[in-house]
Amino acid sequence: MAWTQKQLTEIIERNETWLLNQTGVVGVGVGFGGDGNACVEVLTDGLSPAVHRSVEQRFTGIPLTFTNTGPVKAL
Amino acid sequence: MAKKSTKKTTKPEELVGVGGEVIEYDATKPIDDEIVEIEASSSDPSAIEIDKDLIQAREALEHQMGGFSAVASSFEAPSDENVADMSNIVGWGVGEKTVGGRFTGDLAVKVYVAEKLAPSEVTEEALVPEEVGGYRTDVEEVGDVSALRFTGRYRPAPGGSSVGHTRVTAGTIGCLVIRSNNHLCMLSNNHVLANSNSARIGDPILQPGPIDGGRDPRDRIGTLEQFTPLQFGGTIPNLVDAAVAWTSLRLTAPATHSYQITPRPILATLGMAVRKCGRTTQPTLGIITGVSVSIRVNYGPAGMALFRNQLQVRGVGSVFSQGGDSGSVVVTAGTRQPAGLLFAGGGDVTFANPIGAVIGAMGIRQFYG
């Protein structure tokens, strides 16, 4: 089933603090998955495989994608 | 501090009756006097009349030297000799002859070069004769000429132009807005106009920004009117990186360098096609690829700042933004309606504040399109 933006936003709000405390995670939001549907998009800067697995486990059953943005800076 | 005065205007027509008269910034008289607006006018009594023969002499010299096709050929096949060839020629024109950097008052056929060299240091074909068609020639060094980016000085300055507080490098003028106090203001970021909380209300704002040659007071385009303080430390969330500077229509233009903004803000949605016009990457197209984004942003010495409920944009065909584009207003690609305020980026991803949060934070009554 396709998740709604509202459902995903609520999931992000519940998990934001935990996610942003993970080493290598710089951000999280509602983005596009490979199937074109909305998903949880985790923005990263050198995420380790261990943290990657940990995030996947926490979001089991929820559409999830990772994007390596590197450090995000004010432009 | 410079004494300021204000003037009232009722432009554009549709604003009359909406919320009162728009109040524009009016810089001090001495600063106003330094702004020179150039208008083409055939009746200008100070204009110098140029003899048709002089124009013909200039065309004859360009033809004699092979014109730009010879310049292009010399770039493709540089001279083997240890001398400058036609690739040193930048252009031909008519202007006042200079000697030792001083104008002589005499008109001449000008040849513009990247580097001025002795006759013995250039190839025969690139050698400029002393005279052509009875007119003297003048070789002037102009260096390498490149297309002017949006880092130049403009009056009035369109959205997309370089701007900055006196102590920052440079960012971008987003657009013009009318605040609830009826002041006409330019919209940009806190870290562009308010030096990441370090500025004081009333500080001068320069166009172009200091890194692009802007100097105070010569290049003042307004004064800092309001900013939302950034919360650093990475725990207290921010919603916007926004600031406004009081300005006037004589100093700042409603349109961007590339398009008019439609003054009807819109809620950004996932998949929305957008564009922006910025100081560094100029006009670019993108797609909103993320909403409700929480992101930690590095502000250099000021520290890290956490932002919530942000927009994420990816460029179409090119990166959407680079350093110096901060403050650009992200508008819908088709209708040019404000949807976000660009402020940060990482990799090929750009982040923007949702325009609704910016409107609330800055007390914007209306966008000025």
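Residues numbered from 1 in each chain as written. Chains lettered and ligands numbered in written order. Predicted model: local features only at pLDDT ≥ 70, side-chain atom pairs only at ≥ 80, totals over all residues. Heavy atoms only, no water.

Asker: Can you tell me about the overall build of chain B, naming the residues and giving the values?
Answerer: A tally of regular secondary structure across chain B gives five helices and 23 strands. Every one of the 369 residues in chain B was classed for burial, and the buried ones make up 52%. Contacts in chain B between residues far apart in sequence, at least 24 positions, make up 66% of those at least 6 positions apart. In the form shown here, chain B has an accessible surface area of approximately 16,900 Å², with 51% of it arising from carbon and sulfur atoms. (Helix = DSSP H or I, 4+ residues; strand = E, 2+ residues; numbered from the N terminus. Buried < 20%, exposed > 50% of the residue type's maximum accessible area, 1.4 Å probe, protein only. Contact = heavy atoms within 4.5 Å. Areas by Shrake-Rupley, 256 points an atom, 1.4 Å probe, with all protein chains shown as cover.)

Asker: Report on the sheet that holds strand 15 (residues 243-246) of chain B, specifying residues and quantitative values.
Answerer: Strand-to-strand pairing in sheets goes through backbone hydrogen bonds, with the strands running parallel or antiparallel. Residues and elements named next belong to chain B. As summarised here, the arrangement of the eight strands in space is 9-8-12-13-15-11-10-23, forming an open sheet in which the pairing is antiparallel. On the outer flanks of this sheet lie strand 9 (171-172) and strand 23 (364-368), each paired with one strand and no other. In the sheet, strand 11 (residues 184-188) pairs with strand 15 via four bridges, with the strands oriented antiparallel. Bridged to Ser188 within strand 15 is Ala243. The strands touched by helix 5 (residues 355-362) are strand 10 (175-179), strand 11, strand 13 (220-227), strand 15 and strand 23; relative to strand 23, the strand with the most contacts, the crossing angle is about 120 degrees. (Pairing = 2+ DSSP bridges. Axes fitted to C-alpha atoms, helices over the stretch in contact; angles between N-to-C directions.)

Asker: Any details on the sheet that holds strand 5 (residues 131-132) of chain B? Residues and values, ideally.
Answerer: Residues and elements named next belong to chain B. Taken together, four strands build an open sheet; the order of strands is 3-4-6-5 and the sheet is mixed. With partners counted over all chains shown, the strands left at the sheet margins are strand 3 (89-99) and strand 5, one partner each. Sheet topology places strand 3 next to strand 4 (residues 102-113); nine bridges connect them, and they run antiparallel. Considered in strand 4, the bridge of Thr98 is made with Phe103.

Asker: Mind laying out the environment of Met304(B), listing which residues take part and the relevant values?
Answerer: Checked against the element boundaries, Met304(B) lands in strand 19 (residues 304-315). With relative accessibility at 33%, the residue Met304(B) sits in the partly exposed group.

Asker: Describe the interface of chain A and chain B, listing the residues and the values that go with them.
Answerer: Contact with chain A, which involves 23 residues of that partner, is made by 33 residues of chain B. Looking at the side of chain A facing chain B, the largest losses of area belong to Phe32(A), Val72(A) and Leu75(A), adding up to 34% of the total buried there. The interface formed by chain A and chain B contains two salt bridges. With its nearest N and O atoms 3.2 Å apart, the salt bridge here joins Glu41(A) to Arg314(B). In this assembly, chain A and chain B are joined by 17 residue pairs in polar contact (both at pLDDT 80 or more). Those elements that place two or more of their residues in the side of chain A that touches chain B are helix 1 (5-20), strand 1 (25-32), strand 2 (38-44) and strand 4 (73-74) of chain A. Per-element tally for the side of chain A that touches chain B: the top contributor is strand 1 of chain A, with eight residues. (Buried area = accessible area lost by both parts, 1.4 Å probe. Salt bridge = Lys/Arg side-chain N within 4 Å of Asp/Glu carboxyl O. Polar contact = N/O pair within 3.5 Å; in protein donor to acceptor, adjacent residues only side chain to side chain.)

Asker: I'd like a rundown of the nonpolar core, residues and numbers included.
Answerer: Among soluble globular proteins, nonpolar side chains are generally buried collectively. Counting residues in hydrophobic clusters, the biggest one holds 45 residues, and the most contacted among them are Met186(B), Leu187(B), Leu193(B) and Val358(B). Once residues within four sequence positions are removed from consideration, Val358(B) is found in contact with Leu187(B), Val240(B), Ala242(B), Leu341(B), Asn353(B) and Ile364(B). Core analysis: the next-biggest nonpolar cluster, separate from the first, contains 31 residues, Val51(A), Leu270(B), Ile288(B) and Val291(B) among them. (Core = buried A, V, L, I, M, F, W, Y, C linked by side-chain atoms within 4.5 Å.)

Asker: So what's going on with the environment of Asn190(B)? Which residues, and what values?
Answerer: All names here are of chain B. Positionally, Asn190 belongs in helix 4 (residues 190-193). Look at Asn190 and you get buried, because its relative accessible area is 0%. Residues Asn190 and Pro229 lie 39 residues apart in sequence; the distance between their C-alpha atoms is 7.5 Å. Beyond its immediate sequence surroundings of up to four residues, Asn190 is in contact with Asn195, Ser196, Asn197, Phe227, Thr228, Pro229, Leu230, Asp241, Ala242 and Ala243. At a separation of 2.8 Å, a polar atom in the side chain of Asn190 contacts the main-chain carbonyl oxygen of Thr228.

So, to be careful, I would describe these as geometric facts and stop short of saying anything about function.
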